[in-house]
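Letter by letter, the chains look like this.
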Amino acid sequence: MNCRRSSAALRRVPRCIAAPTTWPHTSFWLAIRYSSTAHGRKRHVDTQVGTVSPHRHHLVVCNSSPDEWPSRVEGMSETITALARGSIRLPGRAMVTMSDFAPLKAATCACAPADDKYRRIDVAVFPLGLVAKQLDVEGVGRLLKWLGHEVLPTSWTPSHSNLPQPTFDHSWLELTRNRHIFVCTHGSRDYLCGHHGGKLLKDLRALIKSRELQRHVAAWSTSHIGGHKYAANAIVYPRGDWYGTWCDRCGGQSVPGRPAADAEAIIDAVVNDVTWWDAWRGATNMTKKDQIATWARNTGHVDDAGHGGSPEDPFSWVPATRHRSAAGK
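All of the points below concern the structure found in this document. Each chain has its residues counted from 1, running along the sequence as written. In keeping with the predicted nature of the model, local features appear solely for residues at pLDDT of at least 70, side-chain atom pairs appear and are counted solely at 80 or more, and the whole-chain, interface and lining totals rest on all residues. Side-chain metrics in this entry use all non-hydrogen atoms of the structure; hydrogen atoms and water are not considered.

**Some words on the overall build of the chain**
- Only DSSP runs of H or I with at least four residues qualify as helices, and only runs of E with at least two residues qualify as strands; both kinds are numbered from the N terminus onward. What the chain contains, in helices and strands, is eight helices and twelve strands.
- Out of the 329 residues in the chain, the part that is buried amounts to 51%.
- We call two residues contacting when some pair of their heavy atoms lies within 4.5 Å. A separation threshold of at least 6 residues defines the contact pool for the chain, and within that pool the share at least 24 residues apart is 72%.
- Only carbon and sulfur atoms are counted for the fraction: they give 52% of the accessible area of the chain, which is about 14,800 Å². Note on classification: 1.4 Å probe, protein chains only; a residue is buried when its accessible area is under 20% of the maximum for its type, exposed when over 50%, partly exposed between these limits. Under the convention used here, a 1.4 Å probe and the Shrake-Rupley method define accessible areas, while residue burial counts only the protein chains that appear.

**Points about the packing of aromatic side chains**
- Geometry of aromatic contacts follows a simple scheme: Phe, Tyr and Trp rings, the Trp one being its six-membered ring, pair when their centres are within 6.5 Å, and the pair is stacked under 30 degrees between planes, edge-to-face over 60, tilted otherwise. Tallied over the entire structure, the rule returns ten aromatic pairs.
- Here Trp 146 and Phe 168 contribute two aromatic rings whose centre-to-centre distance is 6.1 Å and whose plane-to-plane angle is 85°, an arrangement assigned as edge-to-face. Placement of Trp 146 in helix α4 (residues 137–147) and of Phe 168 in the loop between α4 and β7 (170–172) is noted, with a sequence separation of 22 residues between them. For the pair shown, Trp 146 and Phe 168 are each scored as buried.
- Grouping aromatic residues by their ring pairs yields a cluster made of Phe 101, Phe 126, Phe 182, Trp 220 and Tyr 237.

**Structural notes on the packing of helix α3 (residues 78–87) against α4**
- At a minimum axis distance of 9 Å, the contact between α3 and α4 shows a crossing angle of 20°. As far as their axial angle goes, α4 and α3 are roughly parallel. Our pair here, α3 against α4, has a crossing hand that is right-handed. The segment α3 lies against α4, with Glu 78, Thr 79, Ala 82, Leu 83, Gly 86 and Ser 87 engaging Val 137, Val 140, Leu 143 and Leu 144.
- For this classification, the nonpolar set comprises Ala, Val, Leu, Ile, Met, Phe, Trp, Tyr, Cys and Pro, the charged set comprises Asp, Glu, Lys and Arg, and every other residue, Gly included, is treated as polar. Each residue belonging to the contact of α3 with α4 can be placed in one class, and the counts come to six nonpolar, three polar and one charged. Here an angle of 0 to 180 degrees is reported between the N-to-C directions of two axes, which are lines fitted to C-alpha atoms, with helices fitted over the stretch in contact. Throughout this description, any angle smaller than 35 degrees is read as roughly parallel, any larger than 145 degrees as roughly antiparallel, any in the 65 to 115 degree range as roughly perpendicular, and the remainder as oblique. Two helices that cross are described as forming a left-handed crossing if the nearer one is turned anticlockwise from the farther one by less than a right angle, and a right-handed crossing if clockwise.

**Description of the nonpolar core**
- Residues belong to a common nonpolar core when they are buried Ala, Val, Leu, Ile, Met, Phe, Trp, Tyr or Cys residues joined through side-chain atoms within 4.5 Å. Core analysis: the biggest nonpolar cluster contains 32 residues, and Ile 181, Leu 200, Leu 204, Tyr 243, Ile 266, Ile 267 and Trp 280 have the highest contact counts within it.
- For this core, the secondary structure elements donating two or more residues are β8 (179–184), α5 (191–210), β9 (217–222), β10 (233–237), α6 (258–272), β12 (280–283) and α7 (288–299).
- It is α6 that provides the largest number of residues to this core, a total of seven residues.
- Apart from residues no more than four positions distant in its own chain, Ile 267 is found in contact with Ile 181, Leu 204, Leu 207, Ile 208, Arg 211, Leu 213 and Val 217.
- One finds Leu 59, Met 76, Ile 80 and Val 140 within the second-largest nonpolar core, a separate group that totals 26 residues.

**Let's talk about the environment of Val 137**
- One can find Val 137 in helix α4.
- Judged by relative accessible area, Val 137 falls into the partly exposed class, the value being 34%.
- For the pair Val 137 and Ser 77, spaced 60 residues apart in the sequence, the C-alpha separation amounts to 9.8 Å.

**Thoughts on the sheet that holds strand β3 (residues 57–61)**
- Across the sheet, which stays open at both edges, the five strands sit in the order β4-β3-β5-β6-β7 with mixed pairing between neighbours. Edge positions in the open sheet fall to β4 (94–98) and β7, since each of these has one partner strand only. Going across the sheet, the axis of each strand differs from the next one's by a mean of 20°, ignoring polarity.
- Of the strand pairs in this sheet, strand β5 (residues 121–126) and strand β6 (residues 130–135) are connected by four bridges, and their pairing is antiparallel. Among the inter-strand pairings, Ala 124 is bridged to a residue of β6, identified as Val 131.
- Set on the sheet, α3 makes contact with β3, β4, β5 and β6; between it and β4 the angle comes to about 155°.
- α4 contacts β3, β5, β6 and β7 of the sheet and is inclined by roughly 155° relative to β6. Think of it this way: DSSP has to see at least two bridges between two strands before they count as a pair.

**Section: α5**
- End to end, α5 covers 29 Å across 20 residues, agreeing with the expected 28 Å (1.5 Å per residue, within 8%).
- The largest bend in α5 amounts to roughly 25° and is located at Gly 197.
- For this analysis, a polar contact is any N or O atom pair within 3.5 Å, provided that within protein one partner can donate a hydrogen and the other can accept it, and provided that sequence-adjacent residues contribute only side-chain to side-chain pairs. The backbone nitrogen of Leu 192 has a side-chain oxygen 3.0 Å away, supplied by the residue at the start of α5, namely Asp 190.
- A positive backbone phi angle near 60° is found at Glu 212, which sits one or two residues after α5. Multiplying 1.5 Å by the residue count of a helix minus one yields the expected span of that helix. The seven residues ending at a residue and the seven starting there each receive a fitted axis; the angle between those axes is the bend at that residue.

Below, the structure written as structure tokens:
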């Protein structure tokens, strides 16, 4: 494996949003709405833009297999239930999902009773980049209390920062160059997510391997994140961009070459550190109004109120999560 190649690919582009590659066959061109005007037709906001429920954090319960997930994962253990219930009371709310994300070696033996596997859990917090280790119900309480602070450190915050420090065993992910893609493959919750999400995840992993990006890019499965009809759904961290590839329009049937093309578009966006606006649903830590305004501003389209219409400097918007330690947001 040529590690220099993958590392250089992630460093060669400025860390800001640039104009995306145009993909004529993608959801933008197939699902965009139009309205008649005196001088022709004016593009309006794609109906999937602004569909990400506002949340400040994504809490990922690690080392889990999609085969284990019931339709509702919140009740898989007392610890996970405590995490899910507490997350909705956090400032800005938080989303909790299960994933095969494995930043740490699983501490529970495979021979342990099924009902004991998730008594203690590792929880990754995105986009902060923190991994809380082996939390029981009491540990979950300490994590939630820490997340309740208005300003928090991140994986790229200086260690001498005066920001609140965790009071539980933890480690930090390296997110200055590394990227993580989470794809919803929750088939027991919705067929489209399991069917199309599984194919997209397989293609993403194949591309990562063929492009020799394994050192800095990884793709993982995740349980329900919302928006079945936009499946396959994917989230890219640390940017926090959400993508929906709109496979439901084919009635659940496979479109030859489609998942591979979507995977290539996502990997291109990840490697070049840009946003793939054609399939963008929104982003972490943004309201619906902000998601729509951001999309319109960066694509030169308008929302239903007539806002937007001309693209601004493509480098004008940088997700707030990149500067949370400085701006406190």
